[in-house]
Amino acid sequence: MSERVRNCVAFLLIYVAVIVAHCWLLRLPYFWDEAGYYIPAAHDFFLTGHFIPSSTLTNAHPPLPEIYLALWWKVFGFSPLVTRLAMLAVAAFALLQIFAIARRVANREVAVAATICSAVYPVFFAQSSLAHSDLPAMALTLLGLRLYLDNKGWQCGVAFAFAALSKETAILTPAVLFAAEFLSRISAFAGLDVHVHDGAISHSVLPTAKPSSKIGVLLLPFVFLGAWYAYHYARTGFVFGNPEFVRYNATGTLSPLRFALALWQRTWQVFGHMNMWVLTAMTGASMLLPPLSEQGVAAGRRHDSRRDAGATVGSASQIRPRIDISTQLLFLALILAHVVAYSVLGGALLSRYLMPVIPLVIIIGVSTLWRRVREWTWLVGFVVLVFVVGWFMNPPYRFAPEDNLNYADFVRLHQDAIKVLESKRGIETVLTAWPMSDELRKPELGYVAKPPTRVVTIENFSFDQIMVAQQQPLYDAVIAFSTKYEPPRTFIHWRWWNEQNVRFFDYHTDLPPEGIAHMLGGTIVMQESRNGQWVAVIELERTRNAELR
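Residues numbered from 1 in each chain as written. Predicted model: local features only at pLDDT ≥ 70, side-chain atom pairs only at ≥ 80, totals over all residues. Heavy atoms only, no water.

A. The overall build of the protein, seen in detail. When you go through the protein residue by residue, the secondary structure sums to 24 helices and seven strands. Within the protein, residue pairs in contact and separated by at least 24 positions form 75% of the contacts whose partners lie at least 6 positions apart. For the protein, the exposed surface amounts to about 24700 Å²; the carbon and sulfur share of it is 65%. (Helix = DSSP H or I, 4+ residues; strand = E, 2+ residues; numbered from the N terminus. Contact = heavy atoms within 4.5 Å. Areas by Shrake-Rupley, 256 points an atom, 1.4 Å probe, with all protein chains shown as cover.)

B. Summary view of the nonpolar core. Ranked by internal contacts, the top residues of the largest apolar core, which has 145 residues, are V366, Y407, L440, F461, I479 and I516. Here this core gets 16 residues from one element, more than from any other, and that element is helix 4 (residues 80–105). With sequence-adjacent residues up to four places away left out, Y407 is seen in contact with L25, L28, F31, A126, S129, L130, P401 and E402. Core analysis: the next-biggest nonpolar cluster, separate from the first, contains eight residues, A164, L165, L225 and W228 among them. (Core = buried A, V, L, I, M, F, W, Y, C linked by side-chain atoms within 4.5 Å. Buried < 20%, exposed > 50% of the residue type's maximum accessible area, 1.4 Å probe, protein only.)

C. A nonpolar patch on the surface, seen in detail. On the surface, a nonpolar cluster with roughly 410 Å² of combined accessible area is contributed by M1, V5, V9 and L13. Take M1: it is sitting in the segment before helix 1 (3–21). (Patch = residues over 30% accessible without salt bridge, like charges linked within 9 Å, V, L, I, M, F, W, Y side chains within 5 Å. Salt bridge = Lys/Arg side-chain N within 4 Å of Asp/Glu carboxyl O.)

D. Expanded view of the environment of Y248. Note on placement: Y248 falls in helix 11 (residues 243–249). Exposure remark for Y248: the relative accessible area of 31% places this residue in the partly exposed category. Measuring from C-alpha to C-alpha, the distance between Y248 and L345 comes to 9.0 Å, with 97 residues separating the pair along the chain. Ignoring sequence-local partners within four residues, the contact set of Y248 consists of T253, G346, G347 and A348.

E. Geometry of the sheet that holds strand 7 (residues 533–540). Judged by pairing direction, the sheet is mixed, and its five strands sit side by side in the order 4-3-5-7-6 without closing on themselves. Both edges of this open sheet fall to strand 4 (454–458) and strand 6 (522–530), since each of them pairs with a single strand only. Strand-to-strand twist of the sheet, defined as the mean angle between neighbouring strand axes without regard to direction, takes the value 20 degrees. When strand 5 (residues 477–481) meets strand 7, the two strands line up antiparallel, connected through five bridges. Note on strand 7: the bridge partner recorded for F481 is V535. Packing against the sheet, helix 19 (residues 406–423) makes contact with strand 3 (429–433), strand 5, strand 6 and strand 7, and its axis sits at approximately 150 degrees to strand 6. (Pairing = 2+ DSSP bridges. Axes fitted to C-alpha atoms, helices over the stretch in contact; angles between N-to-C directions.)

F. A look at the confidence of the model for the protein. Averaged over all residues, the pLDDT of the protein equals 88, while 89% of them reach at least 70. Here residues 194–212 is modelled with pLDDT under 50, and outside its nearest four sequence neighbours on either side it reaches 47 contacts, counting other chains as well. Across residues 303–316, where pLDDT falls below 50, the model places 19 contacts with residues more than four positions away in sequence or in other chains. (pLDDT = per-residue confidence, 0-100.)

G. Expanded view of the packing of helix 7 (residues 134–149) against helix 8 (residues 153–164). At a minimum axis distance of 8 Å, the contact between helix 7 and helix 8 shows a crossing angle of 165 degrees. It follows from the interaxial angle that helix 7 and helix 8 lie roughly antiparallel. Where helix 7 crosses over helix 8, the handedness of that crossing is left-handed. Contact with helix 7, carried on its side by A137, L140, T141, L143, G144, L145, L147 and Y148, involves Q155, C156, A159, F160, F162 and A163 of helix 8 and no other residues of that element. (Parallel < 35°, antiparallel > 145°, perpendicular 65-115°, else oblique. Left-handed = near helix turned anticlockwise from the far one by under 90°.)

H. Focus on the packing of aromatic side chains. One pass over the full model with this rule turns up 28 aromatic pairs. With 6.2 Å between their ring centres and 20 degrees between their planes, W24 and F392 make a pair best called stacked. Of the two residues, W24 is situated in the loop between helix 1 and helix 2 (33–48) and F392 in helix 18 (residues 376–392); the sequence distance between them amounts to 368 residues. Residue class for W24 comes out partly exposed when judged on its relative accessible area of 40%. Among the aromatic residues, ring-to-ring pairing joins F31, W32, Y407, F410, W434, F461 and F481 into one connected group. A cation sits over an aromatic face here: R398 above Y507, 3.9 Å from the ring centre. (Phe/Tyr/Trp six-rings, centres within 6.5 Å; stacked < 30°, edge-to-face > 60°. Lys NZ or Arg CZ within 6 Å of the ring centre and 35° of its normal.)

I. Spatial organisation of helix 21 (residues 463–470). Of all the residues in helix 21, the buried ones are Q465, I466 and A469. Angular distribution of buried residues about the axis of helix 21 spans 100 degrees; they occupy a single face of the element. Of the surrounding secondary structure, the elements contacted by the buried residues of helix 21 are strand 3, strand 4 and helix 23 (513–520). (Arc of directions from axis to C-beta.)

J. Looking closely at the pairing of strand 3. With five of five residues buried, strand 3 is to be regarded as a mostly interior element. The two faces of strand 3 match: T429, L431 and A433 on one face and V430 and T432 on the other face are all buried. Sheet topology note: the strand 3/strand 4 ladder contains five bridges and is parallel. Within strand 4, the position partnered with L431 by the bridge is V456. For the crossover from strand 3 across helix 20 (residues 436–441) to strand 4, the handedness is right-handed. Looking at chain direction, strand 3 and strand 5 are connected through two bridges and run parallel. Bridging from a neighbouring strand, V430 pairs with A477 of strand 5. (Right-handed = clockwise from strand over helix to strand, strands pointing away.)

K. Region of interest: the pattern of salt bridges. Tallied over the entire structure, the rule returns 14 salt bridges. D150 serves as the salt-bridge partner of R146, at 3.6 Å between the closest nitrogen and oxygen. Classification of D150 by relative accessible area gives partly exposed; the value is 29%. Between K442 and D438 there is a salt bridge, with the nearest N and O atoms lying 3.9 Å from each other. Each of the two residues, K442 as well as D438, counts as buried. One network of salt bridges, with partners in common, ties together D33, D134, K167, R352 and E402.

L. Geometry of helix 16 (residues 325–344). Taking 1.5 Å as the rise per residue, helix 16 with 20 residues should run 28 Å; its terminal C-alpha atoms sit 29 Å apart, in good agreement. Of the residues making up helix 16, those classed as buried are S326, T327, L330, F331, L334, I335, A337, H338, V339, A341, Y342 and S343. Downstream of helix 16 by a residue or two, G346 has a phi angle that is positive, lying close to 95 degrees. (Expected span 1.5 Å × (residues − 1).)

M. Seen up close, the pairing of strand 7. Burial analysis of strand 7 places eight of its eight residues in the buried class, the great majority of the element. Neither face of strand 7 is open: one carries Q533, V535, V537 and E539, the other W534, A536, I538 and L540, and all of them are buried. Both strand 6 and strand 7 contribute to a ladder of eight bridges, which runs antiparallel. For I524, the partnering residue across the bridge sits in strand 7 and is I538. From the end of strand 6 to the start of strand 7, which pair antiparallel, there are two residues, and N531 there has a positive phi angle of about 50 degrees.

This is the structure we're talking about:
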C-alpha cells in the first residue's frame, strides 16, 4: 500500500471518529462569531459569488473558508449539518498533519498519543465543528510545517499560501521559518552554522538539510496575502477592513500595560488553559528523571517488582532519543511568535487564535513523557481523561464558551428562549443584544423560520445598557442572556485586575434577569440556566394587557 493510499485511509478513519464524537452537536444552529461574520460572509458568496460580504461588515478576512463552505453547500445543500460535517473534515485533516509531524520528529508511538491528545483537547474539540477561519488556517499551517520538515520546498510554500488565504495571521509561521532560514544562511556565510545536537556538532541550525533551498518559497504566502489585500482595497477602499475592526484588533491594542496583561493570558492559554497545565506539569516533572533506555524498559517489563535502576540509563546508543534540539527550538520559536503576536493583535483574547501551536506543545510534552517515564502511556491516558472532562467542566475563571462545550449550552438556551417568544401573541418588537439580535433577524442562522417584525439592540445587559434601554420604550418583550461567562465562585477578588479587564478587554457584568425585569417594568415568563449560562424572556406590562384584550 502506497503512502498516499495509507494517508487517505487514515484520513477517512479519523473523519469517521470525529463525526461519531460530535454526532450530538451536528445540528446546532450557528454560534457567536459564526453568526456574526463567517456564515453570513459564506452565505453571501454562496448566493452571489462575491468575495466581499454584503450582509455583514467586511473585515478583510481572506475568503478561502467561505469558498470552501459554499462548495459544500452547493453539493449537499445549505444547512448547519452540512457546515458541521465540512468543518469536521478540516479537523480530521489537521489531526492527520499532527500525526505526520509527530512521527517525523519523534516516532509512531508518540504520534498516535499526541494526535489523540490533540483531538480531545477541549479548545480543538469544540472548534472542530465550528465555522471559524482558525481551523482551516491551523490545518493548512500544519500541512505547510510538515512539508517544510520533509524538505518539500515549493509544496510547503503553496500550503502556507493557502493558510494565509484562510486567515491573515497564518502568515506568522512562514515568517518565523523565513527568519530561521535567513539566519541560517547568514551564519553559514559567516562560517558559524553549528549547534549542539544531542551532545554532537551538527551543521545546520534547522532540522532539515539545504536550508537555503526553501527561503524563496516561504515568501509566497506574503504575495498571496498581498494580492488579496490589494483586491479588497480596490473593492472597498479599505486595506484591512472597516476602521472599527482595525481599531479594535490592532491600533486600539497598542498599550504596554495591555501587552503585558495579554502576554500573561496568552502564555496561560498555551501552557495551562483547559487542563493543559496537567500535561505541562507532567512534562516539567519528567525532566527531573533520567532518560530511559530500551534495555531498561524491557527489563522493567520482565522484572517490574525488582527493576534495576542501573539499567535505566544504559549506553548512549540505547537511550530513547529526544526530539532533535533544533526542531524543539524551531517549535519554541513558533510558539513564542504566536504568543507575542496575539498579545498585540486581536481585541478579544480568544484561545482559538493559538491553535496552530497547541499541537507543538502536546508533541513535545508527550515525547518527553515517552522518553523519561516507563509507564508513560498511563500518564497520557490521564491527560486524555482530564481533557475530556474539560469538555463539560468549566474552569474556575472567566473563559470564552467556545473553548469547550459550554457554547452548546449557550446555543440551546437561545433556542429555548426563541421558542417561548414565538409562542407568545402580541409581541411585535423585541429588545435584546447581539448575537440574539442576528439570531432573530436572520433565518439562515437556524433559529427562526421567519424573523419578527422588529428587533431593538443594545450592547449587553450591564446596568449602563439597561439604563439606555429605559429610554427606548418601543418594544414589547426582552430576551436577556449572559453575554460573558462568570464562574460561580472566584478564589481571588482583585479590583485592579477587574478594572484592567474593563479598560482593555471589553469586560462587563450583566445584570441578573430579576434586576433587568425590575428596571424595565416587565415580568419574567421564562428563565433557564445551564452550566453557568442563562437566558430569560421578559414580557412588558403593556404586551400582557394587549394579549388579555
